Amino acid sequence: MAGHGVLTAQTVEDCIVEQGWERYTAEEHAIWRVLFERQQKTLKSHVCQEFLDGLVALGIGPEGVPKFERMNERLRALTGWEVVAVPGLVPGRPFFQMLASRRFPAGTFIRSRAQLDYLEEPDIFHDIFGHVPLLTNPAYADYMQEYGRIGLDAIEHKGVKFLSRLNWYTIEFGLIRKPQGIRIYGAGIVSSFGEAQYVTGDPSANQLAFDLDRVLRTGYYIDDFQATYFVIDRFEDLFELLKETDFIAKFDELRALPAHTPFEILPEDDVIRVGTGQFWRDFPATKAKLK
Ligand SMILES: [Fe+2]
C-alpha cells in the first residue's frame, strides 16, 4: 500500500514518521490538483457513492496535498480510523498490526509530473485518494481492521500469499454491484487514470461474483490491468465473511490446491460479464510471475 523502499523496522512505532506537510512545494500541490481533477472526471458515476461521500466527509479536495492531522480529526470521529505517515513499505507484521488497530499507513511522497500515468510504488495520491475515503464507511472500516487481524494469523500460519490475493481483488481492485450498476471501490482503480478508464470503457475483462475461496485461489500479475474483477454486493458481506471463516484451517486446505490464473472462467463461477479478452490477448507469454 504505502511506498518508497522497504523499511527494516519491526515495530509499529518504528515505522511512523511525521507527514511534514509544510515541506510540500507549490509544484507538488499542483500535481495533486491535476491528479484529483482528472480522476474526478474519469470516475464520475462509475465509482461507488460511499467513496464520494468519504471524500466530502474528510474534506479531501483538489486544493492540494491533504494535511493528515486535519483529515484525521474527521476520520477518527467517524470510524475511529486514522492515517499515519510512513517513509516506505511497512513490513508484514507491523503493517497488519497497524490495520488491526485502525491505523492506515500512507506514504508521504507524491509522484512527479513525468509519472502522472504510471508509478511503480504507491504514492500519497494512491494511499490517500485511493484508500482513505472508504475508511469513513463503517462496514468497510470494520473489514479493513479484520483484514489486519487475519493478516497477523496469516504470518504465523503460512497464509500471507492468500491474504495478498484477497487484498488485491477487494481493497485494491474490487468492484461492487449497486442497483444502478457495477461501481468501482478498489483503491488501485480509483487512483489510476489508465485502469479507471479500462474498467469503465473497455469490455476486455471478466467480472465474476465474489467468492472467498475462488479469490484466495486466484493469482494476479502486478504489472498490468486485471483480466478478471470480482464483484461484491455489500461491504458488510466482506466483513461478515472474514468474521465467520476459520482462516487457519483454510490456509492449510488451500496450500494443497493449485492456483487459478486471472484469465480463467471456471464452471462453478457466478459470471456477471464475460470479457472479450481483447486487451490482454498477447499477455501471458511476456509477463512476470503469477502472485
Ligand atoms: Fe494500495
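Going by the structure above, here's the rest.
Residues numbered from 1 in each chain as written. Predicted model: local features only at pLDDT ≥ 70, side-chain atom pairs only at ≥ 80, totals over all residues. Heavy atoms only, no water.

Moving on to the overall build of the chain. Within the chain, the regular secondary structure consists of 13 helices and 7 strands. Overall, the C-alpha framework of the chain stretches about 55 × 40 × 40 Å when taken along its three principal axes. Taking all 291 residues of the chain together, the buried fraction comes to 54%. Across the chain, contacts joining residues at least 24 apart in sequence account for 75% of those joining residues at least 6 apart. Accessible surface for the chain amounts to roughly 13000 Å². Of this, 51% is attributable to carbon and sulfur atoms. (Helix = DSSP H or I, 4+ residues; strand = E, 2+ residues; numbered from the N terminus. Buried < 20%, exposed > 50% of the residue type's maximum accessible area, 1.4 Å probe, protein only. Contact = heavy atoms within 4.5 Å. Areas by Shrake-Rupley, 256 points an atom, 1.4 Å probe, with all protein chains shown as cover.)

What follows deals with the coordination of the iron ion. The coordination sphere of the iron ion contains the protein donors His-126 (NE2), His-131 (NE2) and Glu-172 (OE), at a distance range of 2.0 to 2.1 Å. Read from N- to C-terminus, the donor residues coordinating the iron ion fall into the pattern H-x4-H-x40-E. Of the two residues, His-131 sits in helix 6 (residues 124-131) while Glu-172 sits in helix 8 (residues 160-172), which places them 41 residues apart along the sequence. A single burial state applies to His-131 and to Glu-172, both of which are buried. (Donors = N, O, S within 2.8 Å, 3.2 Å for Na, K, Ca; no water.)

In this section: the nonpolar core. Judged by nonpolar contacts, the single largest core of 85 residues is most densely connected at Ile-128 and Leu-166. Looking at which element gives the most residues to this core, the answer is helix 7 (residues 138-156), with 8 residues. Each residue touching Ile-128, except ones within four places of it in the same chain, is listed here: Trp-32, Ile-60, Pro-66, Phe-68, Met-71, Val-83, Ala-106 and Pro-133. (Core = buried A, V, L, I, M, F, W, Y, C linked by side-chain atoms within 4.5 Å.)

The geometry of helix 3 (residues 49-58) relative to helix 4 (residues 68-79) is characterised by a closest axis approach of 9 Å and an angle of 120 degrees between their N-to-C directions. Between helix 3 and helix 4, the angle falls in the class oblique. Residue-level inspection shows Val-56, Ala-57 and Leu-58 of helix 3 in contact with helix 4, the latter providing Met-71, Arg-74, Leu-75 and Leu-78. Residues of the contact of helix 3 with helix 4, tallied by class, amount to 6 nonpolar, no polar and 1 charged. (Axes fitted to C-alpha atoms, helices over the stretch in contact; angles between N-to-C directions. Parallel < 35°, antiparallel > 145°, perpendicular 65-115°, else oblique. Nonpolar A, V, L, I, M, F, W, Y, C, P; charged D, E, K, R; others polar.)

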